[in-house]
Amino acid sequence: MQWLDANYLNMIDGFAYAGLLFLIAVGLSLVFGTMDVLNLAHGAVALIGAYIGAAMLGGGAGAAAPSGLQFGAAVLAAAAVGLLGGVVLAMLTNGVDDHLRQALLTLGIALIASDLISRSFGADERSVAAPRGLDKSVDIFGEAYPAYRLFALGASVLIGIVIYLVLEHTQIGAVIRAAVADRAMVEAIGHRSTLLLGGVFAVGASLAAVGGALAGPVLGAQSGLDNTILLWALVVVVIGGLGSIRGAVLGAVLIGQVLTLGVSTLEEQASYLMFGAMALVLLFKPAGLLPARYGAAGGH
Amino acid sequence: MNRTRLTYALVLLALAALPLIMPPYPVRVMGTVLAFGLVAVSADLLTGLTGLPTLAQVAYFGVGAYTAGLVSNHLTTNLFAQLLIGTAVAAAVAATTGAVAVRTSGIVFLMVTLAIAEMIHRFFDSWSVVGASDGLIVGPPTLYPGGEPLLLAGLLYWWALFVFLVGFGVAVTVARSPLGRSMRAVRESPTRLEAIGQHTYVVKLVSFVIAGALAGAAGTAMMALKSFFTPGHMGFGLAALALLAVVLGGAGTLWGPALGAAVVILVRDWAAPTYFVGGAELILGAVFVGAVFALPHGLAGIRPTRRKHRPSPLTEVTT
C-alpha cells in the first residue's frame, strides 16, 4: 500500500503516456500489417505534429495559454498535414517491396524532414502550451496532477475506441483486417488495394501527427525527438505484435509504465528495461504478445 | 578477371597514396571512411550474405573502440595489441549476444539487434570508467614497443587502411569459403540447409561472431584515428547509417557497402561541412531517397559492362 501511495501518480502518468504512444504506434502497426511497409519516417511525422502545435499555440514561460478552440484547430491542422504526408509516403513506398530498400527510403525521408524541421524551427527545444482550462493541476487523492495529461489520456482512449469500432464493425474495417491477413485475396475479390492501403497509410500518419500534437504539452518539440518517438513506437508495436491493434494497446500500456514508473523506481536501469523487455518478448514470442488474429503480419 | 584485378590494384594504390597528396583534414576524414567502411562490410556479411538485417554492428564497433581505449590507457599504447584485444573482446560480446539474437530472423532479428545495440550503447553511456557520456580520451598510439608515438594524420590513416584491408580480406575470404556458401544458403532457404545436414543456428552464430569481430577491429582503428570515443559514436543514428550504407552500396557485394559507407561519411564529414553547413542530413536523405529509385541494386549495380545477361549483384560476391 505504501508503495502504491508513493507511485500511483507515476502509474497514472504511465497511462497518459500509453494513450499517446498508442496513437502514434497504431499507424505504424497497421501500415506494416496491411502493406508490409516498415515506415521509419513515422517518428518524423509525429514530430511534425508536435511542431505544428508549437507553431500555432506557442508556449514557454509567460506565454498566454491558447483557447480550447485554438488547440482544437492545431490538432486538426496536424491531422490534415499527417494525412497529406501519409498519402505522399504511400505513393513513394508503393512498389518498393524489399524491406531494406523501404528502410533506405523512409529513413531518407525522415532525415530530410528532420533537417527541414530544425531549419525552420531552430535546434532549441520548444515547449507547447496546454489549452486554457487544462493548464492547471487537478487533485487526485490529495496529490496535484496536470489536468492536461488526463485530457490527453481521455482523448487517446476515445480515438482508440473509434479505431476499434471502425475496424471491427464496418465494411471498410473488415476489408482492412482481411488485407492484414491476406492482401492478394482482398485484391482477388475486387478491392483496389492501392486505394485502400493508401488510405490506411494516410490515416496512420494522421494519427501519428495527432499523437505528436497531443503529446506536445507533455514532451515538447525538439529535434532528435523523432528518433526517440520512432524507437518507442517500434518497441510498442513489436512487443504487441506487428499489425495487431490489441497488441499496440498492450505494448503502449507496458512501455508507458516503463517510461514513467520504471524511470522513477529503477532510474538508470529503466532504459535497459524497455529494450530488454522487447528482446525477451521477441525471443519467446517472435510474433508479439497479442499477434494479429488472422495475421500473416511479420511472417514474410 | 584481369580488369577487375587492375581496378583493385588502382584503388589500392590511390588509397595508399592519399596522405602523400592530400592535406591532413581530408586524410582524417578518409580514415573515418575506412573505419566506417569496415563496419558496413561487417554489416553486409550479416545483412547481405546471411540475410539477417542488423543494427547491432555499431555496438561491437563501440566495444572494440572502448576496449582499445582501455588497453591504451592501462596496458599498452601498442596498436597491434589494441587491435587484437579489441577484436577479441568484440567477438566475445558478439558471441554472447548473438547466441540469443540468431534464434530469430527477418524483422524480428532487426529488432533484437536494435535492442542489443541500444542496451550496449546505454551501458557505455552510464559506465563511469570510460567517462560515461563524456567519452574516453587516449594518448597517441605506438606501432612497436619503444617506438615513437604516431601523431601524423597520414600515419594513423595508413594504420586504418591496414586494418580495413585485413578486415575486408577476411570478409571476402569468408564469403568465398564453404562457410560463405552456407551463409547464402541461410538467406535463400534455411530449411534446405537443415535438410542437407547443416545447422542454420551454427552458421548464423558463426557469421554473427565474425561480423562482430570485424566491427570491433574497425572500432580499434577509429580509436587510433580520433584518440577519442563517446557513446554518441555508436548511437541509433549511426546504427541506421551502417545498415543504410549496406543497402545504398548493394547488399551482398561487400565492396558495394564499403563504397556506400564512403558516400555516407564523405557527405556527412566533408561535403556538407565544406559546401553546405548543417545540411548533412538533408543531402544524405536526398541521396538515400534518390538511390531507392535510381539504383535498384545499389552502387554495386552500376557496372560498365556490355554483357547481355549478368548475374544479379545481390546474389553473388563478385570476384
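Further up the page is the structure itself.
Since the structure is predicted, the reported quantities are computational estimates derived from the model, not experimental observations.

Asks: Would you mind going over the interface of chain B and chain A with me for this structure?
Replies: Many descriptions give the size of an interface as the accessible area lost when the pieces come together. Contacts between chain B and chain A engage 37 residues on the former and 35 residues on the latter. Where chain B abuts chain A, roughly 3200 Å² becomes buried across the two surfaces, and 79% of that area is made up of carbon and sulfur atoms. A per-residue breakdown of the area chain B buries against chain A is headed by Ile107(B), Met111(B) and Val292(B), which together make up 19% of the total. Counting across the interface, chain B meets chain A through zero salt bridges. The interface formed by chain B and chain A contains three residue pairs in polar contact (both at pLDDT 80 or more). Of all the secondary structure elements, the ones that give two or more residues to the side of chain B that touches chain A are helix 5 (106-126), helix 10 (236-249) and helix 12 (280-294) of chain B. Taken together, the residues of the side of chain B that touches chain A break down into 27 nonpolar, six polar and four charged.

Asks: So what exactly am I meant to see when it comes to the packing of aromatic side chains here?
Replies: Remark: the centre distance and the inter-plane angle together describe each pair of aromatic rings, the angle taken between the planes. Residue and element names in this part refer to chain B. Summed over the entire model, instances satisfying the criterion amount to 17 aromatic pairs over all chains. Note on phenylalanine 124 and tryptophan 127: the rings are 6.5 Å apart at their centroids and 50° apart in plane angle, and the pair reads as tilted. Judged by relative accessible area, which is 6%, phenylalanine 124 ranks as buried. By relative accessible area, which is 30% here, tryptophan 127 ends up partly exposed.

Asks: How do you make sense of the pattern of salt bridges when you look at a structure like this?
Replies: Pairing of side chains with opposite charge becomes possible as their charged atoms draw close. Residues and elements named next belong to chain B. Under the defined criterion, the tally for this structure stands at six salt bridges over all chains. For the salt bridge of glutamate 188 with arginine 187, the shortest nitrogen-to-oxygen distance reads 2.9 Å. Judged by its relative accessible area of 55%, glutamate 188 falls in the exposed class. Given the relative accessible area of 23%, arginine 187 is considered partly exposed.

Asks: How do you make sense of helix 1 (residues 2-35) of chain A when you look at a structure like this?
Replies: In an α-helix, one turn spans 3.6 residues, which is why side chains three or four residues apart end up on the same side. Residue and element names in this part refer to chain A. Compared with an ideal rise of 1.5 Å per residue, which puts 34 residues at 50 Å, helix 1 spans 48 Å between its outermost C-alpha atoms and is within 8% of the ideal. At tyrosine 8, helix 1 shows its largest bend, some 50°. Burial of helix 1 is extensive: 25 of the 34 residues sit out of reach of the surface.

Calculation rules
Residues numbered from 1 in each chain as written. Chains lettered and ligands numbered in written order. Predicted model: local features only at pLDDT ≥ 70, side-chain atom pairs only at ≥ 80, totals over all residues. Heavy atoms only, no water. Contact = heavy atoms within 4.5 Å. Buried area = accessible area lost by both parts, 1.4 Å probe. Salt bridge = Lys/Arg side-chain N within 4 Å of Asp/Glu carboxyl O. Polar contact = N/O pair within 3.5 Å; in protein donor to acceptor, adjacent residues only side chain to side chain. Helix = DSSP H or I, 4+ residues; strand = E, 2+ residues; numbered from the N terminus. Nonpolar A, V, L, I, M, F, W, Y, C, P; charged D, E, K, R; others polar. Phe/Tyr/Trp six-rings, centres within 6.5 Å; stacked < 30°, edge-to-face > 60°. Buried < 20%, exposed > 50% of the residue type's maximum accessible area, 1.4 Å probe, protein only. Expected span 1.5 Å × (residues − 1). Bend = angle between axes of the 7 residues up to and from the residue.

Read these as spatial facts, not as claims about activity.
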